[in-house]
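Structural overview
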Amino acid sequence: MEPSDAARPGPGRAVLVLSPRLLLLPLLPALLGRGLRAGAAASSSGAAAEDSSAMEELATEKEAEESHRQDSVSLLTFILLLTLTILTIWLFKHRRVRFLHETGLAMIYGLIVGVILRYGIPATSGHDKSLSCTQEDRAFSTLLVNVSGKFFEYTLKGEISPGKINSVEQNDMLRKVTFDPEVFFNILLPPIIFHAGYSLKKRHFFRNLGSILAYAFLGTAVSCFIIGNLMYGVVKLMKIVGQLSDKFYYTDCLFFGAIISATDPVTVLAIFNELHADVDLYALLFGESVLNDAVAIVLSSSIVAYQPAGLNTHAFDAAAFFKSVGIFLGIFSGSFTMGAVTGVVTALVTKFTKLHCFPLLETALFFLMSWSTFLLAEACGFTGVVAVLFCGITQAHYTYNNLSVESRSRSKQLFEVLHFLAENFIFSYMGLALFTFQKHVFSLIFIIGAFVAIFLGRAAHIYPLSFFLNLGRRHKIGWNFQHMMMFSGLRGAMAFALAIRDTASYARQMMFTTTLLIVFFTVWVIGGGTTPMLSWLNIRVGVDPDQDPPPNNDSFQVLQGDGLDSVGGSRTKQESAWIFRLWYSFDHNYLKPILTHSGPPLTTTLPAWCGLLARCLTSPQVYDNQEPLREDDSDFILTEGDLTLTNGDSTVTANGSSSSYTASTSLEGGRRTKNSSEEVLERDLVMGDQKVSSRGTPLVFPLQENA
């Protein structure tokens, strides 16, 4: 091989850039050999070869030491960034500063370090040398180079455009702090997504489940196609004015619409949580962002899989379109099933073993099973984000009940810490990447068009869907809620991870640069304006997140613990999502008893001919203690007929009616005929002098006014 312009794969040309030290060291014996005379003695040539070999080994050892030192420095840089971020967060919380969230702070520190690395550290390597493979028509991922009988292996780092051959980055430190995108997907994303599912407030989530699903699935699809079509118009405009230097297809625009539709209102939700904003608004935003990430990643994978038949691979083809839709449904359902099954398996293992006697082993198994869900889904061709999300929801609903007290505390704290560190690491890297990333493509027209497109896409996502949802909701989504949801469409870690995963082409590089700028703007500007926006829209704050907003009827009050609380109370099951109402009885009567130590005995819910199976699957703890294990986040929702209070000879029901008889329970064949959910409620109710509590959940009663 000799230096010359190299052939690109396909119609273009590609250059394989080799590190100079790796390239020159193998050539060292040949260069030294040129200075030897052809008639030199054999002993002299042998001594020279030994000397050159020793020099080569010494240089290789120094190269390895230098590489190890640079790796340590790069990791230390990020650890110091996180440390500085944590200390500044403490200062902000101490001073009650809310205009900048911790993620925005991490991005600022990342920017500062990026500037220092980019412009403050001199180049540490010489010019790379280009070698030509003119006989090949494509690039290879691994290349074996034969130099004087020795073979050396090189790996492909990516394509470099001909105009940028001489501007390839020479700073080894900048190369070290540029991570492989798979690090984000396999290491940093799983704890973030799992924590979102594991810490889900099930009661508020399921009460708004129908609306959340509509926003997450239908809304994300609408946003994707609106943004994609608007950006295709922007690309056409760029082509007309001569600002487009390479190919940018319609499918690329749709892909950008998919990745930028992944919202991550982490800043807004953190402020909501700190100010105790309205629980329904919090549930809608949090639920949409959790499922929206899963939908966006599957949608982007389906767009990439779009392959029309024929020569024009970017034209519309109905068969390819429906195939992509099928891929979307298959990937999502398969990932959902894999995540749920892993959670169920973990629940069964923790139920039928005595791991609770060894909390350390129990926590370790829980951690490994949860993380392996992500990798298992990716290995099987599904989406790990969807799998680990629903694994987290399943673990919180079932496995959490089986864990020992120590393991419950450890698992929550472990994933909370991992979530915090991983999220701040990603945002720090975003700031760093603005200066250290090698392939930025800045286009002012594309950037401005992207901001306009995401604004219009979010508006078309929120307002029309809210209108149709309000037609079937008893508790309407008010205009102030809709405006706040429109305002809270921040972009964050998921959009960044999807954009950086593939930056091989010109179009993808432009998408990544634009996505990075959009994340900066939304986190700093929109995140900082959350508190003033809450005040301007008159959204309630200071609400206990474990309680509900007060009903519109002023005659309702809350009974909890020792007396009345006027803040709010639990809504009836009729006010929750109808999907959850169908699911609730089946889950309480069958799944909870099978997978956990809680719920009614299966001998009371399964048919008589399943008696043997029921006794095998029912935990002994259920027979010893009929009271189910309490969850910190109770998802118990009452029906209007589930609650009856007896005070002397009078009975007060949930609908406020009273009578002079005392409720009784009929027995048939020694077995209760009451609904099992009523039995659970009666066990949870503590009767006293009109004192009522239900597993820490406030109960709502209408108070009859005396004439």
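Note that this is a predicted model, so its numbers are computed, not measured.

1. Re the overall build of the protein chain
Of the regular secondary structure elements, the protein chain holds 24 helices and 12 strands. Expressed as a percentage of the 707 residues in the protein chain, the buried residues total 49%. A separation threshold of at least 6 residues defines the contact pool for the protein chain, and within that pool the share at least 24 residues apart is 78%. A total accessible area of about 34,300 Å² is found for the protein chain, and carbon and sulfur atoms account for 62% of it.

2. Focus: the pairing of strand β3 (residues 142-147)
Taking every second residue as pointing to the same face, the buried face of β3 carries Leu-143, Val-145 and Val-147, while none of Thr-142, Leu-144 and Asn-146 on the other face is buried. Pairing between β3 and strand β4 (residues 150-155): 6 bridges, direction antiparallel. Pairing of Asn-146 across the sheet is with Phe-151, part of β4. Following β3, the chain reverses through 2 residues before pairing antiparallel with β4; Ser-148 in that reversal takes a positive phi of roughly 55°.

3. Focus: a nonpolar patch on the surface
On the surface, a cluster of nonpolar side chains totalling about 630 Å² of accessible area is made up of Phe-225, Phe-316, Phe-321, Phe-322, Val-325 and Leu-329. For the nonpolar patch, the element with the highest residue contribution is helix α11 (residues 318-352), accounting for 4 residues. Tracing the sequence through the fold places Val-325 in helix α11.

4. Considering the environment of Asp-71
In this structure, Asp-71 sits in helix α2 (residues 42-95). Classification of Asp-71 as partly exposed rests on a relative accessible area of 31%. Considered as a pair, Asp-71 and Val-177 are 106 residues apart in the sequence and their alpha carbons are 8.2 Å apart.

5. Brief notes about unusual backbone geometry
Unusually for a residue other than glycine, His-276 sits at a positive phi of about 55°. Position of His-276 relative to the elements: it lies in the loop between α9 (266-275) and α10 (279-304). Owing to a relative accessible area of 33%, His-276 belongs among the partly exposed residues under this scheme.

6. Section: α9
The buried fraction of α9 is high, at 7 of 10 residues. Here α9 has its buried residues at Val-266, Thr-267, Val-268, Leu-269, Ile-271, Phe-272 and Leu-275. For α9, the elements touching its buried residues are α3 (102-119), α10, α14 (405-436), α16 (479-487), α18 (506-528) and α19 (530-536). The positive-phi residue at the C-terminal boundary of α9 is His-276, with phi of around 55°.

7. Re the pattern of salt bridges
Scanning the entire structure with this criterion turns up 8 salt bridges. Residue Glu-378 pairs with Arg-501 through a salt bridge whose shortest N-O separation is 3.9 Å. Residue Glu-378 is found in helix α12 (residues 359-379), and its partner Arg-501 is found in the loop between α17 (493-500) and α18; the two are separated by 123 residues along the sequence. Judged by its relative accessible area of 23%, Glu-378 falls in the partly exposed class. Looking at Arg-501, the relative accessible area reads 35%, which means it is partly exposed. Ionic pairing is found between Arg-508 and Asp-502, a salt bridge with its closest N-O pair at 2.8 Å. Several salt bridges converge on common partners, so that one network encompasses Glu-182, Glu-378 and Arg-501.

8. Let's talk about the packing of α10 against α16
Each packed pair of helices is defined by two parameters, the angle between the axes and the distance between the axes. Packing of α10 against α16 leaves a shortest axis separation of 11 Å and a crossing angle of 35°. Read as a crossing pair, α10 and α16 show a hand that is right-handed. Contact residues: Asp-280, Leu-281, Leu-284, Leu-285 and Glu-288 in α10; Phe-481, Met-484 and Met-485 in α16. Looking at the contact of α10 with α16 residue by residue, the class counts come to 6 nonpolar, no polar and 2 charged.

9. As for the nonpolar core
The biggest cluster of nonpolar side chains holds 130 residues, and the ones touching the most others in it are Met-231, Phe-248, Phe-256, Phe-272, Tyr-429, Met-484 and Phe-496. The element best represented in this core is α10, accounting for 13 residues. Not counting chain neighbours up to four residues away, the residues in contact with Met-231 comprise Cys-253, Phe-256, Phe-446, Gly-449, Ala-450 and Ala-453. Val-145, Val-147, Phe-152 and Tyr-154 belong to the second largest nonpolar core, which has 5 residues in total.

10. Remarks on the confidence of the model for the protein chain
For the protein chain, the mean per-residue pLDDT works out to 75, and 69% of the residues sit at or above 70. Mean pLDDT values for the elements of the protein chain range from 32 in strand β5 (residues 556-560) up to 95 in helix α15 (residues 444-470). When the criterion is pLDDT under 50, residues 1-42 qualifies, and its contacts beyond four places in sequence or with other chains add up to 76 contacts.

11. Quick look at the packing of aromatic side chains
Per the stated rule, a full pass over the model turns up 32 aromatic pairs. Measuring from ring centre to ring centre gives 5.0 Å for Phe-184 and Tyr-429, while their planes differ by 55°; the resulting arrangement is tilted. Of this pair, Phe-184 sits in helix α5 (residues 181-198) while Tyr-429 sits in helix α14, and the two are 245 residues apart along the sequence. Since its relative accessible area comes to 0%, Phe-184 is described here as buried. Exposure remark for Tyr-429: the relative accessible area of 2% places this residue in the buried category. Through successive ring pairs, a cluster of aromatic residues spans Phe-78, Phe-184, Phe-425, Tyr-429, Phe-437, Phe-496 and Phe-512. In this structure, Arg-408 is placed above the aromatic ring of Tyr-400, and the distance from its NZ or CZ to the ring centre is 4.9 Å. Between Lys-412 and the ring centre of Tyr-198, over which it is positioned, the NZ or CZ distance is 5.2 Å.

What counts, and where the lines are drawn
- Residues numbered from 1 in each chain as written.
- Predicted model: local features only at pLDDT ≥ 70, side-chain atom pairs only at ≥ 80, totals over all residues.
- Heavy atoms only, no water.
- Helix = DSSP H or I, 4+ residues; strand = E, 2+ residues; numbered from the N terminus.
- Buried < 20%, exposed > 50% of the residue type's maximum accessible area, 1.4 Å probe, protein only.
- Contact = heavy atoms within 4.5 Å.
- Areas by Shrake-Rupley, 256 points an atom, 1.4 Å probe, with all protein chains shown as cover.
- Pairing = 2+ DSSP bridges.
- Patch = residues over 30% accessible without salt bridge, like charges linked within 9 Å, V, L, I, M, F, W, Y side chains within 5 Å.
- Salt bridge = Lys/Arg side-chain N within 4 Å of Asp/Glu carboxyl O.
- Axes fitted to C-alpha atoms, helices over the stretch in contact; angles between N-to-C directions.
- Left-handed = near helix turned anticlockwise from the far one by under 90°.
- Nonpolar A, V, L, I, M, F, W, Y, C, P; charged D, E, K, R; others polar.
- Core = buried A, V, L, I, M, F, W, Y, C linked by side-chain atoms within 4.5 Å.
- pLDDT = per-residue confidence, 0-100.
- Phe/Tyr/Trp six-rings, centres within 6.5 Å; stacked < 30°, edge-to-face > 60°.
- Lys NZ or Arg CZ within 6 Å of the ring centre and 35° of its normal.

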